[in-house]
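# Inside the fold
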Amino acid sequence: PIYIDTVVLANLEHRSSSVRKFQVLGSMIYPCKQWALLGEFEANDTRFEQEFVLPQFNFLAKFLKFRFLSHFGIEHYWSLSIIR
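Below: a short report on this structure. (Residues numbered from 1 in each chain as written. Predicted model: local features only at pLDDT ≥ 70, side-chain atom pairs only at ≥ 80, totals over all residues. Heavy atoms only, no water.)

## Brief notes about the overall build of the protein chain
- Counting its regular elements, the protein chain contains zero helices and eight strands.
- Secondary structure elements in the protein chain, listed N-terminal to C-terminal, are β-β-β-β-β-β-β-β.
- Structurally, the protein chain occupies a C-alpha span of about 35 × 25 × 15 Å along its principal axes.
- Buried positions account for 33% of the 84 residues belonging to the protein chain. (Helix = DSSP H or I, 4+ residues; strand = E, 2+ residues; numbered from the N terminus. Buried < 20%, exposed > 50% of the residue type's maximum accessible area, 1.4 Å probe, protein only.)

## Side note on the sheet that holds strand E7 (residues 63–68)
- Reading across from one edge, E4-E3-E7 is the order of the three strands in this open sheet, with antiparallel pairing throughout. Lying at the two open borders of the sheet, with one neighbouring strand each, are strand E4 (36–42) and E7. Across the sheet, the axes of successive neighbouring strands diverge by a mean angle of 20°, strand direction being ignored.
- Pairing analysis gives six bridges linking strand E3 (residues 21–27) to E4, with the strands arranged antiparallel. Within the sheet, the bridge partner assigned to Gly 26 lies in E4 and is Ala 36. (Pairing = 2+ DSSP bridges. Axes fitted to C-alpha atoms, helices over the stretch in contact; angles between N-to-C directions.)

## Here we look at the nonpolar core
- Core analysis: the biggest nonpolar cluster contains 12 residues, these being Ile 4, Val 7, Leu 9, Val 19, Phe 22, Val 24, Leu 38, Phe 41, Ala 43, Phe 52, Leu 54 and Ala 61.
- Counting residues per element, the ones that place at least two in this core are strand E2 (6–10), E3 and E4.
- Contact partners of Leu 54, with chain neighbours within four places excluded, come to Ile 4, Asp 5, Thr 6, Val 7, Val 24, Leu 38 and Phe 41. (Core = buried A, V, L, I, M, F, W, Y, C linked by side-chain atoms within 4.5 Å. Contact = heavy atoms within 4.5 Å.)

Dropping the structure here:
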């Protein structure tokens, strides 16, 4: 298990759309019936790394789940180069 306080995302691809709204969820077990919502965020349309600080500091989790809710642009495909 690790303590989660910040998530870093980046899309370095120039010919794809980027993530806009997303959620981060966590759990100590997998599979699980319910994930804990750690935060919901909105990214900028940029090709640089972006940091998102979780509102619930020091959440202990063993598994993370990302829900990507929307994206920028009109491209059919969108990519994510970095998740840290």
